[in-house]
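Residue-level structure breakdown
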Amino acid sequence: MTTDSADAPHSARVRPPAAAAVPATAAVHPPRGPARETLPPPRPGRGVRQRAAAPLLAADCLATVCTAPAVLGTGTAPMALGPMVLGLLLLHSRAGLYRPHPAPSLLGALPVLLGRAAVCWCAVAAVLAAVRPAQALPPALLAGAVALHTALVCGARALVHRARRAAARRRPRATLIVGAEPAARQLAAVLHARPGYGMRPVGVVVPGAPAGPEAPPAPAGPPRLTTPQDITRAVIRHTVRDAVFTVPPYGDPYTAALLRRFVDQGAAIWLAGAAAALEGRPPPPASGHLGGFAWRRLETAPPRHGGAGKRALDLVLAVVALVVAAPVLLGGALAVRLADGPGVLCRQERVGRGGRGFLLLTFRTRRPYDGDTADGLRTSRVGRLLRRTGVAGLPRWWNVLRGDLSLVGPCPEGPRTVERCTRSCPEYGARHRMAPGLTGLAQVHGLHGGSPVEDRARFDNLYIDSWSWGQDVRIMLRAVARLPRREGR
């Protein structure tokens, strides 16, 4: 289960001409920070929605706790309080009353709150009439309970909304707006003029806009971001937490790649204007508006990239593989040392998760040659044997142990290849959301370095978006089944 890549010479064996002054491969140090073409790695916490809903949950619970004793009395209220609170929270959650919104409307939610309170108290009245007929609630008391409960819920929620607006004015969240001008500029002006929404536009991402000297001058307001480097710098500098799309996020590969990156960053995704429409239809009334722009949140499932479980499996199998293959590793190192001289390992610079560089280890299979070759190197006899048997890639298990590689993931590429492919394919940079792997979905389908960039990016992003333990097992089994065919080349 190794990936195919070009061999690179060891620094001890290569002597570039003095005029060229080219550093050796082993002397190249990987970058310490994120690469320019990719966003930083995902933040560890993604409980934004849960934290936003907590005050509203507390407000609803407090209103129920205050209403129940006043209506049911101190004898029955403690027994009914638990089921009432649980049922009410469930009804409110199903109605979307805990979804975050920059400008929540209490009047718009009033009919829903009233209806849920009526359902809750009618259920309590029905249970009391069946279990304790003497304590059945008369219609007037039932109507009063619904009215009192709704009033308390609305009052508590009004206090929560007021406190949130005050906090939003003090500390607005950095926001990127994705869309064509001038609509994106108009939305940025609305957010700037109304700080109570809690969003501070720090950049306008214009898909397909020309970059460089030919780009038109940016109007007043947030800067125009047209390159992946500009977007990355804005995200890191301002700690962007919200992304607003005024164009359909799946309309073209560029915006789809942006959406995928923002989702992996844990940012809240909002749709405004025409993007808030559902399958070409007008936005639903419940979506609300923001300064006249139709507005709704795009519900995105949190990415499942394996996390600690995937890493634990990598560690266990890497330790087992290195222990089992220790005699083969020692034999391969000895064969390279005796046949081709010093410099057993070859270190190749590769780009890993989040755009961070690392050195990929393999056995050296090429040596300097004075004949007619492009780079002055040729594959030695021992190198051909190591490649044919797959032993040349065994040192990569050390990269798995270190965390540079995973068992399954995108194919690791060099910095120049990454830079070239990112320019030609907008979705290529999203591959770096996950650590590269010894094998992957693209590799088991026969897609390697010479395959079209779009095909490799599509397979790799599909694997990351749909990650599961079962898929990893199937990919590893397919990779093992392909080994005899690869060795027989």
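Residues numbered from 1 in each chain as written. Predicted model: local features only at pLDDT ≥ 70, side-chain atom pairs only at ≥ 80, totals over all residues. Heavy atoms only, no water.

Remarks on the packing of aromatic side chains
Under the counting rule described, the total for this entry stands at three aromatic pairs. Arranged with centres 6.4 Å apart and planes meeting at 75 degrees, the rings of F245 and F262 form a pair that is edge-to-face. Here F245, found in strand β4 (residues 242–245), pairs with F262, found in helix α6 (residues 253–264); they are 17 residues apart in sequence, far enough to count as distant. What makes F245 buried here is its relative accessible area of 0%. Classification of F262 by relative accessible area gives buried; the value is 2%. Between W467 and W469 the ring centres are 5.2 Å apart and the planes differ by 65 degrees, which places this aromatic pair in the edge-to-face class. The ring of W270 carries R297 above its face, with NZ or CZ at 5.5 Å from the centroid. (Phe/Tyr/Trp six-rings, centres within 6.5 Å; stacked < 30°, edge-to-face > 60°. Helix = DSSP H or I, 4+ residues; strand = E, 2+ residues; numbered from the N terminus. Buried < 20%, exposed > 50% of the residue type's maximum accessible area, 1.4 Å probe, protein only. Lys NZ or Arg CZ within 6 Å of the ring centre and 35° of its normal.)

Some words on the pairing of strand β5 (residues 268–272)
When you tally the buried positions in β5, you get five out of five residues, the bulk of the element. The two faces of β5 match: A268, W270 and A272 on one face and I269 and L271 on the other face are all buried. Two strands pair when backbone bridges link them, and β4 and β5 are joined in this way by four bridges, in the parallel orientation. Each bridged residue has a counterpart across the sheet, and for V244 the counterpart in β5 is W270. Following the backbone out of β4, through α6 and into the adjacent parallel β5, one traces a crossover that is right-handed. Sheet topology note: the β5/strand β7 (residues 293–297) ladder contains three bridges and is antiparallel. (Pairing = 2+ DSSP bridges. Right-handed = clockwise from strand over helix to strand, strands pointing away.)

What about a positive patch on the surface?
A surface patch of positive charge is lined by R378, R381, R384 and R388. Among the elements that make up the positive patch, the one with the highest residue count is helix α9 (residues 381–389) (three residues). Along the polypeptide, R384 turns up in helix α9. (Patch = residues over 30% accessible without salt bridge, like charges linked within 9 Å, V, L, I, M, F, W, Y side chains within 5 Å. Areas by Shrake-Rupley, 256 points an atom, 1.4 Å probe, with all protein chains shown as cover. Salt bridge = Lys/Arg side-chain N within 4 Å of Asp/Glu carboxyl O. Lys, Arg positive; Asp, Glu negative; His and termini not counted. Charge placed at Lys NZ, Arg CZ, Asp CG, Glu CD.)

Things to note about the nonpolar core
Counting 29 residues, the largest nonpolar core has L386, W397 and Y463 as the members making the most contacts within it. Not counting chain neighbours up to four residues away, the residues in contact with Y463 comprise K310, V408, G409, M434, L441, Q471, D472 and I475. Y254, L258, L259 and I269 belong to the second largest nonpolar core, which has 24 residues in total. (Core = buried A, V, L, I, M, F, W, Y, C linked by side-chain atoms within 4.5 Å. Contact = heavy atoms within 4.5 Å.)

Some remarks on the pattern of salt bridges
Scanning all chains against the criterion turns up 14 salt bridges. The salt bridge involving D465 is made with R260; its shortest N-O contact spans 3.1 Å. Taken as a pair, D465 in helix α13 (residues 453–465) and R260 in helix α6 lie far apart in primary sequence, 205 residues in all. Residue R260 is classed as buried on the basis of its relative accessible area, which comes to 16%. Among the salt bridges present, the one from D455 reaches R458, with a minimum N-O distance of 3.0 Å. Of this pair, D455 and R458 both sit in helix α13, three residues apart, which is roughly one turn of that helix. According to the relative accessible area criterion, D455 is partly exposed, its value standing at 23%. The exposure class of R458 is partly exposed, given its relative accessible area of 45%. Each of R260, E427, R433 and D465 takes part in one network of salt bridges that share partners.

Considering the sheet that holds β4
Overall, mixed pairing links the seven strands, which are arranged β3-β2-β1-β4-β5-β7-β6 in an open sheet. Every interior strand has two partners, whereas the edge strands, β3 (224–225) and β6 (289–290), have only one. As paired elements, β6 and β7 share two bridges and run antiparallel to each other. Looking across to β7, one finds that L290 is bridged to F293.

Remember that the coordinates give geometry; whether it matters functionally is a separate question.
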